[in-house]
Amino acid sequence: MKVYAFGEENAPVILLLPGTCCHWKGNFGHVIPLLSDEYRVLCVSYDGFDETERTEFPTMLEETAKIEDYLKANCVGHIRAAYGCSLGGSFVGLLAARGNIRMDYGILGSSDLDQSSKFAAKLQTNLLLSLMFPMLRDGRFKSPLLQKRVEKQMRQVDYVKAFLKMFGDARPYVTMQSCKNQFYSDLITPLPDKLDVPGTEIHIFYALKMGEKYRARYEQHFAHPIIHEQDMQHEELLACHPQEWAALVKSIVGKEKSV
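Computed from a prediction, not measured in an experiment: that's the story for all the values here.

Conventions we followed
Residues numbered from 1 in each chain as written. Predicted model: local features only at pLDDT ≥ 70, side-chain atom pairs only at ≥ 80, totals over all residues. Heavy atoms only, no water. Helix = DSSP H or I, 4+ residues; strand = E, 2+ residues; numbered from the N terminus. Polar contact = N/O pair within 3.5 Å; in protein donor to acceptor, adjacent residues only side chain to side chain. Contact = heavy atoms within 4.5 Å. Pairing = 2+ DSSP bridges. Axes fitted to C-alpha atoms, helices over the stretch in contact; angles between N-to-C directions. Buried < 20%, exposed > 50% of the residue type's maximum accessible area, 1.4 Å probe, protein only.

Colleague: Looking at this structure, how should I read the side chain of Ser111?
Modeller: Tracing the chain through its elements places Ser111 in the loop between strand S5 (102–109) and helix H5 (118–138). Separated by 2.7 Å, the side chain of Ser111 and the backbone oxygen of Ser86 make a polar contact. Setting aside its immediate chain neighbours within four residues, Ser111 contacts Gly84, Ser86, Gly89, Tyr214 and Tyr218.

Following this line, the structure appears as structure tokens:
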């Protein structure tokens, strides 16, 4: 695991956590400059997904422990905020639940927080990756028909192009096992219900077009979530409207919290 740092060393820290199988720069490269003018931005590049390392993603809990160790060593265990894109929101929840670091604000970006049995999780993982892994590794889907359909959608729908860009370019160094470990372990790693951590404020960027069941899920796992409704699709605000995304993040984390 690597962490890329931007901004003044003594500025309040915002931790950015990428989504499922995403490259850190594809996920957040377009918004980091919009935050690093005021904050120390730390962007996590997970094990197995960084081109400078030869590692493999372990499990959500093992990776969470590595993130905690980094924050203890480099931020005295206290950050202003953590933003988790999609799967990254699971890390935000785990960091809050485990209580090993202090986090003033936790922000989940359109996270689905799906949970499954081990059997169902294996089926979902194998099905999804049979379609997605060639695109992650080679930058193209294996099926010519699917690739043609996606290219057509990218020309017609800005969101599709921007969303796929978050995964990054072709990455031949990413292994199927890293992808399986990440997707599968996210599905089977439980998040407590009615999580209420003193000193940590939880915010949700709720993409309404994902469906009403997600609101219920957020209210199940967090005791007092502050939900920011957006009439958009999954992480559309981050992917397509970076200025508005950064302004909303800054409006949330800009106020100094009392210790």
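Colleague: Looking at this structure, how should I read the sheet that holds S5?
Modeller: Strand-to-strand pairing in sheets goes through backbone hydrogen bonds, with the strands running parallel or antiparallel. Taking strand neighbours across the sheet as the criterion, the seven strands line up as S1-S3-S2-S4-S5-S6-S7 in an open arrangement whose pairing is mixed. Here the strands that pair on one side only, and so sit at the sheet edges, are strand S1 (2–6) and strand S7 (226–230). Along the sheet, successive strands turn relative to each other by an average axial angle of 20°, direction set aside. Across five bridges, strand S6 (residues 201–207) lies against S7 in parallel orientation. When the sheet's bridge partners are listed, Phe205 is paired in S7 with His228. Against the sheet, helix H9 (residues 213–221) contacts S6 and S7, and its axis sits at roughly 170° relative to S6.

Colleague: Where do I start with unusual backbone geometry in this structure?
Modeller: Only a minority of non-glycine residues have a phi that is not negative, and only a minority of peptide bonds are not trans. Positioned with a positive phi, Cys21 is a non-glycine residue whose angle comes to about 60°. Relative to the helices and strands, Cys21 resides in the loop between strand S2 (13–17) and helix H1 (24–28). Relative accessible area serves as the criterion here: at 4%, Cys21 is assigned to the buried category. A positive phi angle, near 50°, is found at Lys194, a position not held by glycine. Summarising the element assignment, Lys194 is placed in the loop between helix H8 (176–188) and S6.

Remember that the coordinates give geometry; whether it matters functionally is a separate question.
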